[in-house]
Amino acid sequence: MAATSPLEAGTSAAATAAAAPVGGADPAILIEGLAKDYGPVQAVQALDLEVHRGEVFGFLGPNGAGKTTTIRCLLDLLRPTAGRITVLGLDPRRDGIALRRRLTYMPGELRLPERMTAAGLVAAIGRLRGGFDTRRRDELATRLDLDLGRRMRDLSSGNRRKVALLLAFLADAELLILDEPTNGLDPLMQREFLRLVREARARGTTIFLSSHVLSEVQRAADRVAVLRQGRVVAVGGVDELRRRARQRIDVWFDAPPPTEELARLPGLVDVAVEDRRVLATLSGPIQPLLELLARHPVLSLLVEEPDLEQAFLDLYKDAA
Amino acid sequence: MTRRWWELIAGPFRASWRAGLGWTILLVLLIVSTVAFWPAFRGSSGISQAIDQLPGPLLKAFGLEDFGTAAGYLRGGLYEVLVPLVFAAAGIVFANTMTAGDEDAGHLELFLAQPVSRMAVITGRSLAVLGWLIVLTLVTVVSQLGSDALFGVPIDTGRVLVTIALCALLGAFDAGVCIAVAGASTRPGLVLSAGFGVAYSSYLVLALFQLSPLLDPWRHVSPWDWALGGDPLTNGGDAWRFLALGVGAVLLAALGIVGFDGRDVRSA
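Notes on the structure follow.

Calculation criteria
- By convention here, each chain's residues receive numbers from 1 onward along its written sequence.
- Here every chain gets a letter starting at A, and every ligand a number starting at 1, in the order they are written.
- Given that the model is predicted, a residue must reach a pLDDT of at least 70 before its local features are reported, and side-chain atom pairs must reach 80 or more before they are shown or counted; all residues, however, enter totals for whole chains, interfaces and linings.
- Derived side-chain values reflect all non-hydrogen atoms in the structure, with water molecules and hydrogen atoms excluded from consideration.
- Put simply, the grid is 1 Å and covers the protein atoms alone, a cavity is a trapped set of points that fit a 1.4 Å probe, a pocket is an open set with protein on both sides within 12 Å along at least five of seven lines, and lining residues have an atom within 4 Å of a point.
- Grid points are joined across faces, edges and corners, and a volume is the space filled by probe spheres set on the points.
- By definition, any uninterrupted DSSP run of H or I lasting at least four residues is a helix, any uninterrupted run of E lasting at least two residues is a strand, and each is numbered from the N terminus.
- Gly counts as polar in this scheme, as do all residues outside two lists: the nonpolar Ala, Val, Leu, Ile, Met, Phe, Trp, Tyr, Cys and Pro, and the charged Asp, Glu, Lys and Arg.
- Residue contacts are counted whenever heavy atoms from the two residues lie within 4.5 Å of one another.
- By convention, the term buried area covers the 1.4 Å-probe accessible surface removed from two parts as they join, with the contributions of both added.
- Take a side-chain nitrogen of Lys or Arg and a carboxyl oxygen of Asp or Glu: if they are within 4 Å of each other, that pair is a salt bridge.
- Remark: exposure states derive from per-residue accessible area (1.4 Å probe, protein chains only) relative to the maximum for the residue type, with buried under 20%, exposed over 50%, and partly exposed in between.
- Paired strands, as defined in this entry, are two strands with at least two bridges between them according to DSSP.
- Interaxial angle, 0 to 180 degrees, is taken between N-to-C directions of lines fitted to C-alpha atoms, where a helix line uses only the stretch in contact.

Quick notes on the layout of surface pockets
Okay, so step 1: In this structure, the largest pocket encloses a volume near 760 Å³.
Okay, so step 2: Secondary-structure elements contributing two or more residues to the lining of the largest pocket are helix 4 (118-129) of chain A together with helix 1 (3-15), helix 2 (17-35), helix 7 (82-104) and helix 9 (118-151) of chain B.
Okay, so step 3: Its residues placed into classes, the lining of the largest pocket shows 15 nonpolar, seven polar and eight charged.
Okay, so step 4: Of the volumes computed, that of the second largest pocket is approximately 560 Å³.
Okay, so step 5: If you list the elements that add at least two residues to the lining of the second largest pocket, you get strand 2 (41-51) and helix 2 (67-74) of chain A.
Okay, so step 6: For the lining of the second largest pocket, the element with the most residues is helix 2 of chain A, which contributes four residues.

Quick look at the interface of chain B and chain A
Okay, so step 1: Listed by partner, the interface residues are 28 residues for chain B and 25 residues for chain A.
Okay, so step 2: Contact with chain A buries area across many residues of chain B, yet B:L110, B:P115 and B:D264 alone supply 22% of it, more than any other trio.
Okay, so step 3: Run the count over chain B and chain A and you get three salt bridges.
Okay, so step 4: A salt bridge links A:R127 to B:E7; its shortest N-O distance comes to 2.5 Å.

Describing the pattern of salt bridges
Okay, so step 1: Taken as a whole and assessed by the stated rule, the structure comprises 32 salt bridges over all chains.
Okay, so step 2: The salt bridge involving B:R75 is made with B:D231; its shortest N-O contact spans 2.7 Å. A residue pair is termed long-range when its members are at least 10 positions apart, and B:R75 in helix 6 (residues 70-79) and B:D231 in the loop between helix 12 (223-228) and helix 13 (232-235) qualify at 156 residues.
Okay, so step 3: For B:R75, a relative accessible area of 8% puts it in the buried group.
Okay, so step 4: Here the salt bridges do not stand alone but share partners, grouping A:R136, A:E139, A:R143, A:E192, A:R195 and A:E199 into one network.

Focus on the sheet that holds strand 9 (residues 231-237) of chain A
Sheets are built from strands that pair by backbone hydrogen bonding, the pairs being arranged parallel or antiparallel.
Residues and elements named next belong to chain A.
Okay, so step 1: In space, the six strands of this open sheet follow the order 5-6-7-3-8-9, with mixed pairing throughout. Each edge of the open sheet is held by one strand with a lone partner, namely strand 5 (103-106) and strand 9. For this sheet, the mean inter-axis angle between neighbouring strands, taken without regard to orientation, is 15°.
Okay, so step 2: The strands touched by helix 7 (residues 187-202) are strand 3 (56-60), strand 6 (175-179) and strand 7 (206-211); relative to strand 7, the strand with the most contacts, the crossing angle is about 150°.

Details of the side chain of A:T182
Residue and element names in this part refer to chain A.
Okay, so step 1: Positionally, T182 belongs in the loop between strand 6 and helix 7.
Okay, so step 2: Of the residues examined, T182 reaches a relative accessible area of 6% and is grouped as buried.
Okay, so step 3: Apart from residues no more than four positions distant in its own chain, T182 is found in contact with Q190, F193 and E216.

Observations concerning unusual backbone geometry
Okay, so step 1: Even without being a glycine, A:L88 presents a positive backbone phi close to 50°.
Okay, so step 2: One can find A:L88 in the loop between strand 4 (82-87) and helix 3 (96-101).
Okay, so step 3: Judged by its relative accessible area of 4%, A:L88 is buried.
Okay, so step 4: A positive phi angle is found at B:D231, which is not glycine, with a value near 50°.
Okay, so step 5: For B:D231, a relative accessible area of 18% corresponds to the buried category.

And the structure:
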């Protein structure tokens, strides 16, 4: 697991500077002051981001937050209005060919040539990349339960997604850029995807995972950046984000609850007492609560698993 | 040629085989069915005289002068309007589909994310358009010369080849217009409009300007005039006509390739 940085809303550079790189000194992705305007619309504004080599980096945000625009700038599909981008030590504009040789990209909005078979598309991309390992191709097709002989137009959206996943994981790339990779995949395939991500990470591959599916990022990523209206509002470790998340607490006492002590407990809010039952929301460490409860007769304690989604929503509330 | 370049050219070429087959069938049917009527016109002074009685400007505009001769018949029936129009339309449609059409459909993104330059991708597609125009040229040559032999059309083979080559270059020029516009715009509608606009207006300029002594000198601004204004079936083709169309097509395509390299790629 990567070392995590303190979660600092809106100060991504500071956050990333505090984090120890997973592998190698220079970052896999370094974005400084990136801005991209579409006429009067500012899709991305003053975005700073650093992704360490060898980590799985979650890029979170709702639709329209600027995730895809940022990714398309990394690939030189879009030309930034301002800012500087370095990917694997290279400038995407100047060294685009050399850079794209070392990375693979899975687009979020998948539009694959309708009349081509999956095998035909893999072969075509293989010719552009200097060839693929056919054994690895077949192994991935089996794992993804994908029939390579079928035409794109005959494939469901989930199966098309599998074709794109196969292409992304087939090349032995140093960096995988995956934009909404599990859209349309069934739960079994989502698990397979997570296995592929873990295997790639174990090989030292850096994975930049853009998603609005929080549970997916929660399971896969070491660190996350949260994007809102084209700005990074927070960067940090997933564990840190989870710690920051609010937890629902449900305690049954075997005696009248210690309401005064509970009211003084740091981080415990929305306390509701129903006879001997206490419902509350806890943000921050749980240790003080456990110490308090240990001094009282407790029949049961229910603590809901902290959810990134809640932390994510909290961040948005804070940033708004 | 490296495998990478081969894929950049052959990929879009293969993807357009249905359209290519359609244009091929159209050209073969058009040429064979027109030439098949030549024996009915040959030596029939009545039909020639009837056509000659049409107003002079009309005869000029539609290339119907000397309709009783083999060159006049092929010019009026095929090479004044129809065959160059098919080449122009094919060039425009191929160029639009392989550039702005594919970009608009989101098909370029996956290829542009590979270790190839944008310039190489669009150059490959421009060469694929050229490849299809060469195929259509060969189809036209075979259909025309075969039909001429089958139906006994007495015409100089060299001049037929020159005329077909000029029609193909006109198609390449119009395709070049589309690639140039696609370099600046991601809208297939705009690219098609520009291509057909240039093709149609250049035909109108040639057909109509020659009817007015005042406008006649200006017909030379028309690429259609560069291709067919000198009546190549009768007179052969001047070198400058090949150069003007060929160099024009290359410059326009180069403009589009440079333009595409300098702008954002449209997302799906």
